[in-house]
Amino acid sequence: WPKSEDVGRCLKVECTPVLNDAEFPPVFAVSLPVCLGTGYPKVINLTVNGELVEGNVLKGVPQIAWCGGTPGKGVASWLRRTWNGNAVIDGAEGMEYQLTIDDIDSSLVFMYTPVTEEGVKGDPQCTMTDFVKAGTPSVSNVYVVGDIVEDNTIKGNGKYFGGKEGLSKFQWFREKENGGFLLVLSNSTQYTLIKEDVGWCLKFVYTPINLEGQEGEAAFAITEAVRKAPPKVFDLKITGEAREGSKVSVTATVTGGTVASSRVQWFKASSSEFVNDHELEALCTSKVSKTFRIPLGAVGCYIVAKFTPVGPDGEIGAPAYAILDDVVETLPPSLNFLTVTGEFSEDQMLTASYGYIGGYEGNSLYSWYLHETEDDEGSPLSEASGLLQYRIKKEDVGKFVSFKCIPIRNDGIVGEPGVFMGNDRVTPGNPTVLSLELNGEAIEGTTMVANRRYWGGEEGDTVFRWVLTSSDGTWNEIEGATSSSYSLKCDDIGFYVSVSCEPVRIDGVHGSLVTTEAIGPIIPGPPACRSLELAGSMLEGGRLTSHAEYTGGVKGNCIQQWFRSHDDGSKDELIADECLDLVLADVDCRIEVIFTPVREDGVQGSPKSVSSDTILPGEPKGVSLVIPECFEDNEISPIKAYFGGKEGTGKYTWFRTTEKLDNLEPELVASCSEVVGETLLYKPSLVDVGFYLILCWVPTRCDGKTGDPLMAITDNPVMAAFPSVLDVNLKKTSSDLYSGVGIYYGGYEGSSLHKWYRESSDGTRICIDGAASSTYEVADADYSCHLLFGYTPVRSDGVIGEEKFSEPSDIIFPEQLKIETLSFKGNQVERETLAVVEQIPRNETQEHIWGNYKKEIKYQWFASNGSGVDLSFEPLATECSRSYRVRFEDIGRCLKCECIAIDVFGRSSESVSAVTSPILP
């Protein structure tokens, strides 16, 4: 199309023909001058670009010839063409248009009218598209609406795209501990949160599906963690009677919390219907207890309970209210409790208290009574009439005290009286020390006495504690000093002494502790031995102990000497400290101790001595008897210790038993054991293995007196010797059979192990698999090798000894090849060929050997000389084959063939021959 700049000019078109890559001279044509256009624009071509799929943008592209006019902005519009006509699309007046769901299965018409800047319009043109297709189903902007709180219902939403929506899939998933998700609901956009969802996130998955069933890519939204629902209360009601003093309680069902942690506040209301809390009067504060005792102030009103649910974490829910159906009624005057507090003891104050119900209290009556027994009527205590308190007198001790209350309402109505009886009789007063004095001089050896005055019933075992106090004020209680008197000791010198007294009544009740002033310091007395005693058994083996009581200041290195006094007056000084162990040498003698007191500064007091009675010999007895570990063929030497004078010849008896006896009574041992020896030493044999050995020893003194028998049993049964085997060797019992033997030692033989070994010429030794018995049959693999027999001794208890080997056998060879007979095959006539045929024994062994170990067969032919008895043969040197061709010169002679078989081991069989009859011509 000519353009505006072409106006007034001629247009030339030139064509250069080309044929087979050869160019020819061009030809051309020239137009007339281009004239100015009409000014009316024309649409030369109109197209629509874009994919006809829902959601895509189509673009109209017009090609315009402006025909001299100034290009301007044309008018565009889009129409939707359906089966019943065209419809203008509202708002679609641009060059571009985005396809919507309404366009599916319709074709679009794009209409364009060109317009110049001068306002000249050209003819409108239109173009039509193919049918619009639906887009692939998809979903966007997936989200969940609703509070993510337990018991709420939430909803999943998303923006669907892709034609008309079909049965899209909706799924709800709950988060799991491992990070995955668990399916909890399908085919619903709504989901009600439950208890199991609390603390976890939920995932809503939206899978778009169009009406044709095409499924698009799923999209999802994940919620925040589900929060626990605030506690709620259901089924709230009050149970109990609407009467003054009655107990009422609330029951309810709480979700999101517990009844126990929820709180209840009680109110009274003038009407059974109320609007808010301002119309209620509180009867108590909010508390956890679910029960309430109706007070007097609620009479004539309605009881209201305000129940506030509380969760385990302290979260508070909305309160609920419940009201009793009836108005609270008053009660007749009565006591709901009556008690007396205080100790039922002399000089103690008793206080009565009670609970009044039944309107407002008037002047109730109080009285106290004293009873000899619990069942008598008692005598009134007039001085305590009308009082709630009473102080017990000394005269009341041992009797019962009771309190009586008669309830009276303010209108004068009297109720049933209540009586409280003390459970126990009145006890005396607390034991008390009225005065305490310490008498005696503060000198070592002086006995200090504590004098006291006691009050509080009959005195029992009053407790005294003596205390020593140093000059710096530190004090220590004297251990063991618990009586009313105490003798000052050497260790007390320099200290101050005091005594404390804790009074104790005869029934064990303790009073307050009283302590005296400390006196002192305590000064030492002269060194002296107040007493010297020998304690202990005056019998051999006993121990004598000297007890010297020293007084006189700090004890120095006192001298204590021990002597053995003989009947002839001689004495042997002994080396001992405070104790002396009596030995055999002390028998028939006396023991004397001389003690010389010495003070720390070296001052000595007068010595003091004491002698024992004559020391008697001890009764003969076995102190200990131990049997060491016992082993087969090892001699046992028991370890024993004797006591009781000079030992004589004892009696020994050895027993054998199958079980270890806990009770080694001689009669029991003799009845269930077998005597095996009567000497001190004993050597166990094989028959003792596995048995326990018991030794009975009757200790005997040199004068023949016997002591009680002493028995000992081995800790363990007699142990067998370590398993071993001697003289292991093998024997050839037949041509192919060997037997291994050995002498077993070491307890009873169990399942000993037998093995056979194959030893090659180079010394390599191999254990033969499967050869585990004492006999062995030679196999092919053993040929040219030595055999050895291995014997591993195994004791019956499974202990394994060292394996021993036999000497190697001779080299193993199979049975030698044998030829039973030879026979000739062929005619024994000149020029005929004779062949030798060997006949081998018809047994399995020979057949096996011939089949596997034959190396070669050697033949030698002989010709006879002479005839009759003097027949002899000369070898035919060149004839050493299996066959022989009879020659002329053999006529009349006999031929003989000798045959020898040689095996692979180089051994030759016995020579076998056959002789022909004289050769015929």
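Residues numbered from 1 in each chain as written. Predicted model: local features only at pLDDT ≥ 70, side-chain atom pairs only at ≥ 80, totals over all residues. Heavy atoms only, no water.

*Asks:* Describe the overall build of the protein chain, listing the residues and the values that go with them.
*Replies:* A tally of regular secondary structure across the protein chain gives two helices and 66 strands. In terms of overall dimensions, the protein chain is more spread out than a globule: its C-alpha atoms have a radius of gyration of 67 Å, far above the 29 Å expected for 921 residues. The dimensions of the protein chain, computed from C-alpha atoms along their principal axes, are 170 × 165 × 65 Å. Looking at the protein chain as a whole, 38% of its 921 residues are labelled buried. Partitioning the contacts of the protein chain with sequence separation of at least 6, the portion at a separation of at least 24 is 60%. Carbon and sulfur atoms make up 50% of the accessible area of the protein chain, which amounts to about 51,400 Å² in all. (Helix = DSSP H or I, 4+ residues; strand = E, 2+ residues; numbered from the N terminus. Rg over C-alpha atoms; globule rule 2.2 N^0.38 Å. Buried < 20%, exposed > 50% of the residue type's maximum accessible area, 1.4 Å probe, protein only. Contact = heavy atoms within 4.5 Å. Areas by Shrake-Rupley, 256 points an atom, 1.4 Å probe, with all protein chains shown as cover.)

*Asks:* So what's going on with the sheet that holds strand E66 (residues 912–915)? Which residues, and what values?
*Replies:* Reading across from one edge, E63-E62-E65-E66 is the order of the four strands in this open sheet, with antiparallel pairing throughout. Two strands bound the open sheet, and with one partner strand each, they are strand E63 (872–875) and E66. Ignoring which end each strand starts from, the neighbouring axes of this sheet average 30° apart. Examined bridge by bridge, strand E65 (residues 895–903) and E66 share four bridges and lie antiparallel to one another. Across the sheet, the residue bridging to Cys899 is Val912, located in E66. (Pairing = 2+ DSSP bridges. Axes fitted to C-alpha atoms, helices over the stretch in contact; angles between N-to-C directions.)

*Asks:* Give me the sheet that holds strand E30 (residues 389–391): which residues, what numbers.
*Replies:* Pairing is antiparallel across the open sheet formed by three strands, whose spatial order is E26-E27-E30. Looking at strand neighbours, the two that pair on one side only are strand E26 (334–341) and E30, the edges of this open sheet. Strand-to-strand twist across the sheet, computed as the mean angle between neighbouring axes with direction ignored, equals 15°. Pairing of E26 with strand E27 (residues 349–357), which is carried by seven bridges, proceeds in the antiparallel orientation. Paired with Thr339 across the two strands is Ser353, which belongs to E27.

*Asks:* Got a sec to walk through unusual backbone geometry? Specific residues and values, please.
*Replies:* Most peptide bonds are trans, and most residues other than glycine sit at a negative phi. Put simply, Gly520 and Pro521 share a cis peptide bond, and its omega is 5°. Mapped onto the secondary structure, Pro521 falls in the loop between strand E39 (514–515) and strand E40 (528–535). Here the phi dihedral of Asn141 falls at roughly 55°; this positive angle occurs in a residue that is not glycine. Inspection of the secondary structure puts Asn141 in strand E12 (residues 138–145). The class for Asn141 is exposed, based on a relative accessible area of 58%.

*Asks:* Lay out the pattern of salt bridges with the relevant residues and their values.
*Replies:* One pass over the full model with this rule turns up 35 salt bridges. A salt bridge links Lys268 to Glu281; the shortest N-O distance between them is 3.7 Å. One end of the pair, Lys268, is in strand E21 (residues 258–269); the other, Glu281, is in strand E22 (residues 281–282), and 13 residues separate them in sequence. Among the residues examined, Lys268 registers a relative accessible area of 14% and is labelled buried. The salt bridge involving Arg656 is made with Glu674; its shortest N-O contact spans 3.0 Å. Of the two residues, Arg656 sits in strand E49 (residues 651–657) while Glu674 sits in strand E50 (residues 674–677), which places them 18 residues apart along the sequence. Assessed through its relative accessible area of 13%, Arg656 is described here as buried. Connected through shared salt-bridge partners, Arg887, Glu889, Asp890 and Arg893 make up one network. (Salt bridge = Lys/Arg side-chain N within 4 Å of Asp/Glu carboxyl O.)

*Asks:* Please give an account of helix H2 (residues 844–852) that cites residues and values.
*Replies:* Restricting attention to buried positions, one finds in H2 the residues Gln846, Ile849 and Trp850. Along H2, the residues classed as buried sweep out an arc of 95° about the axis, all on the same side. Exposed side of H2, more than 90 degrees from the buried face: Glu844 and Gly851 are the residues found there. Against the buried residues of H2 lie strand E62 (854–865) and E65. If you check the start of H2, you find a side-chain oxygen 3.2 Å away from the backbone N of Thr845, and it comes from Asn843. (Arc of directions from axis to C-beta. Polar contact = N/O pair within 3.5 Å; in protein donor to acceptor, adjacent residues only side chain to side chain.)

*Asks:* Now, about the packing of aromatic side chains: what can you tell me, with residues and values included?
*Replies:* Tallied over the full model, the rule gives 25 aromatic pairs. Here Trp266 and Phe292 contribute two aromatic rings whose centre-to-centre distance is 5.1 Å and whose plane-to-plane angle is 15°, an arrangement assigned as stacked. Of this pair, Trp266 sits in strand E21 while Phe292 sits in strand E23 (residues 291–293), and the two are 26 residues apart along the sequence. Of the two residues, Trp266 and Phe292, both sit in the buried class. An aromatic cluster is defined as three or more aromatic residues linked by ring pairs; in this entry it consists of Phe170, Trp172, Tyr191, Phe204 and Tyr206. One Lys or Arg, Arg765, reaches over the ring of Phe805 and ends 5.1 Å from the middle of that ring. The lysine or arginine in question, Lys896, covers the ring of Phe862, its NZ or CZ lying 5.0 Å from the ring centre. (Phe/Tyr/Trp six-rings, centres within 6.5 Å; stacked < 30°, edge-to-face > 60°. Lys NZ or Arg CZ within 6 Å of the ring centre and 35° of its normal.)

*Asks:* For the environment of Ser806, give the residues involved together with the corresponding values.
*Replies:* By the element assignment, Ser806 lies in the loop between strand E59 (804–805) and strand E60 (821–825). For Ser806, a relative accessible area of 4% gives the class buried. Placed 16 residues apart in sequence, Ser806 and Gly790 show a C-alpha to C-alpha distance of 6.6 Å. If near-sequence neighbours (up to four positions away) are discounted, Ser806 is found in contact with Val728, Asn729, Leu730, Leu788 and Phe789.

*Asks:* How would you sum up a nonpolar patch on the surface? Please name residues and give values.
*Replies:* Together, Leu686, Val687 and Tyr748 give the surface a local cluster of nonpolar side chains, amounting to about 250 Å² of exposed area. For Leu686, a relative accessible area of 33% translates into the label partly exposed. (Patch = residues over 30% accessible without salt bridge, like charges linked within 9 Å, V, L, I, M, F, W, Y side chains within 5 Å.)

*Asks:* Give a description of the side chain of Asp890 that names residues and reports values.
*Replies:* Topologically, Asp890 is positioned in the loop between strand E64 (883–885) and E65. Leave out the neighbours within four places in its chain, and Asp890 touches Tyr884, Arg885, Leu895 and Ile919.

*Asks:* Tell me what's going on with a negative patch on the surface, and back it up with residues and numbers.
*Replies:* Together, Glu241, Asp325, Asp326 and Glu329 give the surface a local cluster of negative charge. Among the secondary structure elements, Asp326 is positioned in the loop between strand E25 (320–323) and E26. (Lys, Arg positive; Asp, Glu negative; His and termini not counted. Charge placed at Lys NZ, Arg CZ, Asp CG, Glu CD.)

*Asks:* Just give me the short version of the environment of Gly851, but keep the residues and values in it.
*Replies:* Structurally, Gly851 is set in helix H2. The exposed category is assigned to Gly851, whose relative accessible area is 62%. Along the primary structure Gly851 and Phe495 are separated by 356 residues, whereas in three dimensions their C-alpha atoms are 121 Å apart.

*Asks:* Describe the side chain of Ser345, with residues and values.
*Replies:* Along the chain, Ser345 turns up in the loop between E26 and E27. Given the relative accessible area of 2%, Ser345 is considered buried. Polar side-chain contacts of Ser345 include one of 3.2 Å to the side chain of Thr427. For Ser345, the side chain forms a polar contact with the main-chain oxygen of Pro428, separated by 2.9 Å.

*Asks:* Account for the layout of surface pockets, with residues named and values stated.
*Replies:* Of the volumes computed, that of the largest pocket is approximately 360 Å³. Around the largest pocket, the lining comprises 15 residues; the ones closest to its centre are Pro2, Lys3, Ser4, Cys67 and Gly68. Partitioned by chemical class, the residues of the lining of the largest pocket number eleven nonpolar, three polar and one charged. (1 Å grid on protein atoms, 1.4 Å probe; cavity = no way out; pocket = protein on both sides within 12 Å on 5 of 7 lines; lining within 4 Å. Points joined across faces, edges and corners; volume = space filled by probe spheres on them. Nonpolar A, V, L, I, M, F, W, Y, C, P; charged D, E, K, R; others polar.)

*Asks:* Can you explain the pairing of E21? Please cite residues and give values.
*Replies:* Here eight bridges tie E21 to strand E24 (residues 302–310), and the two strands are oriented antiparallel to one another. Its bridge partner being in E24, Thr258 is matched across the sheet by Val310. Examined bridge by bridge, E21 and E22 share two bridges and lie antiparallel to one another. Note that in E22 the partner of Lys268 across the bridge is Glu281.

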